[in-house]
Amino acid sequence: MLEAFLYVGLPYLALALLVVGTAYRFVFRPYSVTSLSSQVLEKRSLAWGSVPWHLGILVVLVGHLVPFLVPGLWQAIVASEPVLLAVEAIGMAAGVMALAGIVVLLVRRVLVARLQSVTTVVDLLVLAVLAAQVVLGLLVAVLHPWGAAWAPGTLMRYLHGLFTLSPDLGLVSEMPPAVKAHVVLAFALFALVPFSRLVHAFVVPVGYLVRPFQRVVWASARRAESVAVLPGGDPEEGRRGLMRGLAGVGGAAALMAVGVFDKVARFVKGDDMTKAEKEALLSQKLERLEQTAEQRALELERMRKELIPIAKLGELLPAAGKYFIDFEMRAALAFKGADGAPILISAKCTHLGCTVGSQADEQGRILCPCHVSYFDIKTGQPNEGAPAKTPLPHLGWALRGPDGKIVAQKPAGRALEGTFDPSLADHEVCVIRDTDRGAV
Ligand code: HEM
Ligand code: FES
């Protein structure tokens, strides 16, 4: 019940608040859509906080958005080990930078006396929650590394489920506590947006670069005098400083993004390409389209049928598993057991959802490379001390003759029905739709 609220109710509530509340502020209170700059009151520590915070969090959020929007492309990118390493390192560095920035911003609000009078409880709450969210994100990245590889198959699928109105609670409820807390706090933050200055995130302030200067003129003559002698009072100098700062920030962001978004850049500058490059790009696009079409065809087949053929019985091997897609569109593996009967087992790691390797070791175990969990093919059980705590579920199978007749079948967790003969090498092994995944 609590889980249903946290991972389904709260997200919808938060998203509804975010959309309705933000729209309300834009339409009915447009002048409240601002971050209420405090630069005029204190600017030294603001720069040390605001720049690293915004730069860091932008990189982090791009790293969250891309796998959410284009999970297939993302998985293809991080499939290469050096790229995965680079992505993780960039994410971590950006997270640390954002954390340093938000701590400065938080301390500044609490300690600088003249800011206290313009700081509300909500301001402090938002800064504290943001800092906590960044700490949790870093904790997830440290405790459960390679998130760029495991999250698309689990957390991003959960988010897609939310947005397509078919949320799958299971994808998040079995996650470790730090991951769950990170998800819940993210939605709490979304809910806070319309009630706080976070709403300014929806205004991209590019107009500020070209708009005329606005000078702040103090009404008190004494104050005006003291400000006049402060360094940096020249507006032209201020503009140049801003431009230099922006150029620096832009350069750093570009450098960070180069490796990861190389493919995107190539796609954008398509016109400068040679004929051979264009051909390669087109065939890549075609391949992607074919993959999508293939995926949809698989989904349709799984919706319509009760049996999905995997391989001939004679093709199954004891140590080299054959991958297939099960009825839930998740990766699974087919092996030949010691008695010659098929063993169909989920290949989706029960730790954080990475795909388990297909090659069994001499003890009959398959390895999840993400955080090293070995699963016994026969029992599905992970090795002792493995990060994964629950077994990989087995799937039911049926053996179908060339005439289309089922000669034997073994639904998961139930006894064999019919007579199994290991010599029926030309018979097709099929996975059967059954809800009772789990037991051998
Ligand atoms: C307000 C929204 C959020 C903020 C500010 C935030 C912030 C962060 C930060 C700072 C990190 C560590 C740096 C990194 O590895 O990228 C991180 C990691 C992570 N976040 Fe978030 N996050 C937010 C929402 C979410 C949501 C909604 C999800 C998924 C449902 C999510 C999933 C993850 C995962 C899986 C990692 C680990 C990435 C890795 O190890 O490569 N985050 N987050
Ligand atoms: S995802 Fe962590 S061990 Fe498999």
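An account of the accompanying structure is given in this report. Since this is a predicted model, take the numbers as computed values, not measurements.

A closer look at the overall build of the chain
Item 1. For the chain, the helix and strand inventory stands at 14 helices and eleven strands.
Item 2. With 440 residues in all, the chain has 36% of them scored as buried.
Item 3. In the chain, 63% of the contacts between residues at least 6 apart in sequence involve partners at least 24 apart.

A short note on the coordination of the iron atom of ligand 1
Item 1. On the protein side, the iron atom of ligand 1 has His64 (NE2) and His182 (NE2) as donor atoms, found 2.0 Å from it.
Item 2. Each of the six donor atoms bound to the iron atom of ligand 1 contributes to angles spanning 86 to 180 degrees, and the resulting shape is octahedral. Of this pair, His64 sits in helix H2 (residues 44–69) while His182 sits in helix H10 (residues 177–192); the two residues are 118 residues apart in sequence, bridging distant segments of the chain.

Notes on the state of the cysteines
Item 1. One pass over the full model with this rule turns up one disulfide.
Item 2. In this model Cys354 forms its disulfide with Cys370; the gap between the sulfur atoms is 1.9 Å. Taking the torsion about the S-S bond as the criterion, the Cys354 to Cys370 disulfide, at about -75 degrees, is left-handed. One end of the pair, Cys354, is in the loop between strand E4 (342–346) and strand E5 (365–368); the other, Cys370, is in the loop between E5 and strand E6 (373–376), with 16 residues separating them in the sequence. Grouping residues by exposure puts Cys354 and Cys370 together as buried.

Description of the sheet that holds strand E11 (residues 428–432)
Item 1. In spatial order, the strands read E1-E11-E8-E9-E10; together these five strands make up an open sheet with antiparallel pairing. Every other strand in the sheet has two partners, leaving strand E1 (307–312) and strand E10 (417–418) as the edge strands with one partner each.
Item 2. As paired elements, strand E8 (residues 397–400) and E11 share four bridges and run antiparallel to each other. Bridge assignment links Trp397 to a residue of E11, and that residue is Val431.

A look at the site of ligand 1
Item 1. Around ligand 1, the surrounding shell holds 22 residues, and the nearest of these are His64, Glu88, Gly91, Gln133 and His182.
Item 2. A distance of 3.5 Å separates an oxygen atom of ligand 1 from a polar atom in the backbone of Gly147.
Item 3. At 3.5 Å from an oxygen atom of ligand 1 is found a main-chain nitrogen or oxygen belonging to Ala148.
Item 4. Where the shell around ligand 1 is concerned, the elements lending two or more residues are H2, helix H4 (81–111), helix H6 (121–143), helix H7 (147–150), helix H8 (155–163) and H10.
Item 5. When residues in the shell around ligand 1 are grouped by element, the largest group, six residues, is from H6.
Item 6. For the shell around ligand 1, the residue count by class is 14 nonpolar, seven polar and one charged.

Points about the pattern of salt bridges
Item 1. Enumeration over the complete set of coordinates arrives at eleven salt bridges.
Item 2. The partner of Arg433 in a salt bridge is Glu306, and the shortest N-O contact between them spans 3.3 Å. Here Arg433, found in the segment after E11, pairs with Glu306, found in the loop between helix H14 (275–304) and E1; they are 127 residues apart in sequence, far enough to count as distant.
Item 3. In this structure, Glu428 engages Arg400 in a salt bridge whose closest nitrogen and oxygen atoms are separated by 3.1 Å. Within this pair, whereas Glu428 is found in strand E11, its partner Arg400 is found in strand E8, the two being separated by 28 residues in sequence.
Item 4. Glu428 sits in the partly exposed class, given a relative accessible area of 26%.
Item 5. Classification of Arg400 by relative accessible area gives partly exposed; the value is 21%.
Item 6. Each member of the salt-bridge network shares a partner with another, and the members are Asp168, Glu328 and Arg330.

Some points on the pairing of E11
Item 1. For E11, the buried fraction is high: four of the five residues fall into the buried class.
Item 2. Pairing geometry for E1 and E11, over five bridges, is antiparallel. When the sheet's bridge partners are listed, Pro309 is paired in E11 with Cys430.

As for a nonpolar patch on the surface
Item 1. A grouping of Leu2, Phe5, Leu13, Leu17 and Phe195 is seen on the molecular surface, where their side chains present a nonpolar patch of about 510 Å² in accessible area.
Item 2. Relative to the helices and strands, Leu13 resides in helix H1 (residues 2–28).

Notes on unusual backbone geometry
Where the residue is not glycine, phi is negative for most of them; where a peptide bond is considered, it is trans in most cases.
Item 1. Of note, Trp146 is a non-glycine position whose phi angle comes to about 65 degrees, a positive value.
Item 2. The phi angle at Met329 is positive, at roughly 60 degrees, despite the residue not being glycine.
Item 3. Secondary-structure assignment places Met329 in the loop between strand E2 (322–325) and strand E3 (331–336).

Here is what the cut-offs are and how they apply
- All chains use their own residue numbering, which begins from 1 and follows the written sequence.
- Chains and ligands are labelled sequentially in the order written, the chains with letters from A and the ligands with numbers from 1.
- Local features in this predicted model are restricted to residues of pLDDT 70 or higher, and side-chain atom pairs are both shown and tallied only at a pLDDT of 80 or more, whereas totals for entire chains, interfaces and linings draw on every residue.
- The side-chain numbers reported here are obtained from all heavy atoms of the structure, hydrogens and water having been left aside.
- Secondary structure elements are defined from DSSP: runs of H or I of at least 4 residues count as helices, runs of E of at least 2 residues count as strands, and each element is numbered from the N terminus.
- Only protein chains enter the accessibility calculation, which uses a 1.4 Å probe; a residue whose area is less than 20% of its type maximum is buried, one above 50% is exposed, and one in between is partly exposed.
- Residue contacts are counted whenever heavy atoms from the two residues lie within 4.5 Å of one another.
- Atoms are scored as donors when they are N, O or S and lie within 2.8 Å of the metal, with 3.2 Å used for Na, K and Ca; no water is included, so coordination may look incomplete.
- For four-coordinate sites, all angles between 85 and 135 degrees define a tetrahedron; for four- and six-coordinate sites, opposite donors beyond 155 degrees with the remaining angles between 65 and 115 define square planar and octahedral shapes respectively, and all other cases count as irregular.
- Any two cysteine sulfur atoms lying within 2.5 Å of each other are counted as a disulfide.
- In short, DSSP must find at least two bridges between two strands for them to pair.
- The rule for a residue being near a molecule or strand is that one of its heavy atoms must lie within 4 Å of it.
- Nitrogen and oxygen atoms within 3.5 Å of one another constitute a polar contact, given that in protein one can donate a hydrogen and the other can accept it, and given that sequence-neighbouring residues count only through two side-chain atoms.
- Residue type decides the class: Asp, Glu, Lys and Arg count as charged, Ala, Val, Leu, Ile, Met, Phe, Trp, Tyr, Cys and Pro as nonpolar, and the leftover types, Gly among them, as polar.
- In what follows, salt bridge is the name for a side-chain nitrogen of Lys or Arg lying within 4 Å of a carboxyl oxygen of Asp or Glu.
- Within this analysis, patches are made of residues with over 30% relative accessible area and no salt bridge. Like charges are joined at 9 Å or less; nonpolar side chains (Val, Leu, Ile, Met, Phe, Trp, Tyr) at 5 Å or less.
- Each accessible area value is a Shrake-Rupley result obtained with a 1.4 Å probe; residue values ignore everything except the protein chains displayed when judging cover.

None of this, on its own, says anything about what the molecule does.
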